[in-house]
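The residues making up each chain are set out below.
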Amino acid sequence: MIRRLMLCAALTASAAFPLCAQQVNITGAGSTFAAPLYNAWANEYAKLHPGTQINYQSIGSGGGIRQISSGTVDFGGTDSPMNDKLLAEAKQKLGTDILHFPVALGGVVPIHNIPGVSKDLNFTGAALAGIYLGKITKWNDPEIAKANPGVNLPGNNIVVCHRSDSSGTTFIWADFLSKASADWKNKVGAAPSLNWPVGIGGKGNEGVAGFVRQTPNSIGYVELIYAVQNKMTYGQVQNSAGKFIKADLNSVTAAAAGAVKAMPADFRVSITGAPGATAYPVSSFTWMLVPRDMKDKTKGATLKAFLIWGMTEGQKFAQPLSYAPLPRPVVEKELAAIKTLHY
Amino acid sequence: MSRSYPPTYKKVINISMLTLTGLAALLVVSVLLFILGYLVWNGARSLNLNFFTKLPVPAGQEGGGMANAIVGSGKLLLLASAIGIPIGVLGGIYLAEFGKGPFSFAVRYTTDLLNGVPSIVIGIFVYSLIVLPQHHFSTFAGGVALGIMMIPIALRSTDEFLRAVPNTLREGGLALGASKAQTVLTIIIPAAMQGIVTGIMLNLARVAGETAPLLFTALGNQFWSPGWNGPSASLPVVIFNYAISPYEDWHRQAWAAGFVLLMGIFLTNIVARLLVSGRRSPARS
Amino acid sequence: MASTATTPPPSLVVKDAREKLSLFERLKKGDEATFLVTFASALSIIVVTCLLVQHLWIDSVLSRHAFGWKFLHTSTWDPVADQYGALPFIYGTVVTSFLALLLAVPVGIGAAIFLAELAPRRLSNVLTFMIELLAAVPSVIYGLLGIFVLLPILRDYVVPPLQKTLGFLPIFKGAFYGVSYFSAACVLAIMIVPFIVSISREVLLAVPQAQREAMMALGATKWDVTWKSVVPYAQRGMIGSVFLALARALGETMAVTMVIGNVPAIHASLLSPGYTIAAVIANEFTEATGDLYISALIELALVLFAVTMIINAIARLLLLGMKSQETTH
């Protein structure tokens, strides 16, 4: 008799349990660049809504695209937007559309190590393209020298370093070079992984930064956040208005603001080489990839709420982590687009 | 006889070769001491109570830890051992005691092949085998991937050390009327136990530090992951993520985690050796 | 013949040796069960490997159909244009692995001999324990230590004298930026030494004392005893450990990609940067989008598998050849 009572009590308790502790676990994966921001958001959101665990892992932008397309994660993060072919493949596998929502902004900066030169150099787009194509081989090449009057550049060979691993950072860099040089666009193009004409491959920002730090006469590129957090010196890049801009949160946000007018409805836009006198030319959005339909409605509702929170409250976490916050007009557009989610 | 035996040139070779081997051993050990020292030097500041008890916190905040990664690694290695050790050891017993002919050749050959598969390929394999059909990452998939990696070494070392046991022991057992199974289980395996445990420990050590297969199977988690069905944090993946991040605090935590991983393996090794101590191969006694 | 009043219980009846035991009785004896269980384990390995190869084969179908045999002898790796050729990776894998073996085997075998034959037992146990710990260091840490410690050492202390003395050889020509086949081989050597030392030492310890005593009775020096009597007895196990180590070297990803330079090109000089199959898969697989790209990477894995098959086949033949010279013991 007692045993039966206890069994009933246990069954009732276990049935009631889900009602009192609404545990929602959401998994996301993708861009390494955006990972610190997503993690900060997840942490804060869990405090505000106990029981919500949003687990984001940085496996790279391509990884994010792959996993969201296969349905093994609930949302993805990417620094390079999915092209039409990838969207079509995803729709076929997943059965529903994937939507892009920009969540923050970042930039890619050139770093260099030239013995005897302590100043941060100015680089034109043509100079960078030429260096990475292997056409410009010496530091005292006229293309570099004319942008840096008064700097005594040596005649040493340039040692080029790029990313060996596929990365959104490479995509942003190559996207900029494609716009700066038709030669680059034809020969190499823009993608997270490229057939580099010259250069050593370093793994991750760490690999590139480490190589450049230890190798005289070298040049490389890293994320702005990485350079800032590691207190590295980096060069200025010439923007479409002809000014040499140093990357920082303001110049990156200026690049986004300049692109707002031409923003497509699906937010897949490249803002490298954006117009604006103070815009930093090698900037990019980072996007959250979200499916339009979700089978688990509770998960979907939580994800939607999280996304809205990130657009609004979450933006104040961006600056301390060295991300540039989204310009207000972009946020407005996104909040409207979020309503088209089917949950 | 005016000439001494052995002749002088042999004595010279003797001394010089023995010194060289000593130097080789010294070289290997000093590399280890250097690595350990480097990890401690760089990670010591992060080795506090928080490290072992708290969950990770986002970048820029203090006080985070790796408790979930430590537990996660423990679970993954437990599952991997449960899969890899029995299959490996039993397979090794088959090869050494029962096997002859083309099937044995095929098994040995296949084991060597499996051993040479890059860990990331095994991760990809388990991804398409388990993760895709299930539509989620899981500790289970991670354990299976690591388990598959453990099988070859466990099998090869069991095979080699069982075969190194002299036949006289087998004959002795059979002469006393024991069945083949009894001989193997009660006489031969204990005789080879030291070597088998060496193989298993080496195996565990290698698998404990593998990152690539986990990226596709267990993924990672900033929170606790109870049970076996959800993504789980693990020390090697966290080390990887932290080491290539821009944050100084995370770098230090990565070194500290490397140290903790090594110490974990060290302790497991000691415990395992203690459990089988005293069972030296009779050939040497 | 008098008939027995009671039949003895079945367990005491000694069956006629010519009578066959039933299956259940055979299982109870234990031999059959042991045989079946161990056989099943051994079989499962073949099953798992076949499954693995099948998955690799199926997932690489796009790339195999697109490139055919050209994949193995072209050198372009262009994800943007979707052109893939595996030759630089195959070259890099083979070069780094064999160079790593060249560096690790003498040191490993030497250390194993010292630990098994010369060192006092206590010291030997402690040192071996510590060397085995090296196997537990995560690959990533080896990579980072490679970048921070090994590369500067190579660049400042090892390569300049090397180039001064042997610089006329094509394998040591050219500018050295730290990342290279040679650096990768050094890191790999450190990573595989614990396997060689640990297993070789155990095998040497398992050699019966009679072997040593026989030679010592003839007045041989300690080295002669070791090299001419103990090592040959243990050589199959030691060679086995070397192949275990080689297998690890072929498949190593993280540490290699951090110190090899990741340049898909073929250079004769060991001091120039290169790429291996495992490294390129590790670098690009997580982010590869596009079915042909993924398929090409998986085909690379298949190629590595084939390379491993060939190397292991050669090894097996070598061992078979040695076996015929070995006296049975």
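Coordinates for the structure precede this section.
Small disclaimer: the values here were computed from a predicted structure and weren't measured.

Asks: Before we go on, may I ask you to explain the overall build of chain C in this structure?
Replies: In terms of regular secondary structure, chain C is built from 13 helices and 2 strands. Within chain C, the fraction of its 329 residues that count as buried is 57%. Surface summary for chain C: the accessible area is close to 14,000 Å², and the carbon and sulfur share equals 69%.

Asks: Where do I start with the interface of chain C and chain B in this structure?
Replies: As a measure of interface size, the accessible area lost when the parts come together is often cited. Counting from both sides, the interface comprises 94 residues of chain C and, opposite them, 91 residues of chain B. Buried area between chain C and chain B, summed over both chains or domains, comes out near 8,500 Å², and the portion from carbon and sulfur atoms is 77%. The three residues of chain C that bury the most area against chain B are Phe 129, Trp 223 and Arg 316 of chain C, which together make up 8% of that side's buried surface. In this structure, the connection of chain C to chain B is made through 1 salt bridge. Connecting chain C to chain B are 5 residue pairs in polar contact (both at pLDDT 80 or more). By residue number, the principal contributor to the side of chain C that touches chain B is helix 2 (residues 31-59) of chain C, which donates 19 residues. Classifying every residue of the side of chain C that touches chain B gives 59 nonpolar, 21 polar and 14 charged.

Asks: Looking at this model, I keep getting lost on the sheet that holds strand 5 (residues 122-123) of chain A. Mind explaining?
Replies: Working definition: the strands of a sheet are paired by backbone hydrogen bonds and lie parallel or antiparallel to each other. Residues and elements named next belong to chain A. Here we have 3 strands laid out as an open sheet, ordered 5-9-10, and mixed in their pairing. Either end of the sheet is taken by a strand with one partner, and the two such strands are strand 5 and strand 10 (244-245). The pairing of strand 5 with strand 9 (residues 236-238) spans 2 bridges and is classified as parallel. Bridge pairing in strand 9 places Phe 123 opposite Val 237.

Asks: Which parts of the structure should I look at to understand a nonpolar patch on the surface?
Replies: A surface patch of nonpolar side chains, about 380 Å² in accessible area, is lined by Met 309, Ile 310, Ile 314 and Leu 318 of chain C. Among the structural elements, Leu 318 of chain C can be located in helix 13 (residues 291-325).

Rules used in this analysis
Residues numbered from 1 in each chain as written. Chains lettered and ligands numbered in written order. Predicted model: local features only at pLDDT ≥ 70, side-chain atom pairs only at ≥ 80, totals over all residues. Heavy atoms only, no water. Helix = DSSP H or I, 4+ residues; strand = E, 2+ residues; numbered from the N terminus. Buried < 20%, exposed > 50% of the residue type's maximum accessible area, 1.4 Å probe, protein only. Areas by Shrake-Rupley, 256 points an atom, 1.4 Å probe, with all protein chains shown as cover. Contact = heavy atoms within 4.5 Å. Buried area = accessible area lost by both parts, 1.4 Å probe. Salt bridge = Lys/Arg side-chain N within 4 Å of Asp/Glu carboxyl O. Polar contact = N/O pair within 3.5 Å; in protein donor to acceptor, adjacent residues only side chain to side chain. Nonpolar A, V, L, I, M, F, W, Y, C, P; charged D, E, K, R; others polar. Pairing = 2+ DSSP bridges. Patch = residues over 30% accessible without salt bridge, like charges linked within 9 Å, V, L, I, M, F, W, Y side chains within 5 Å.

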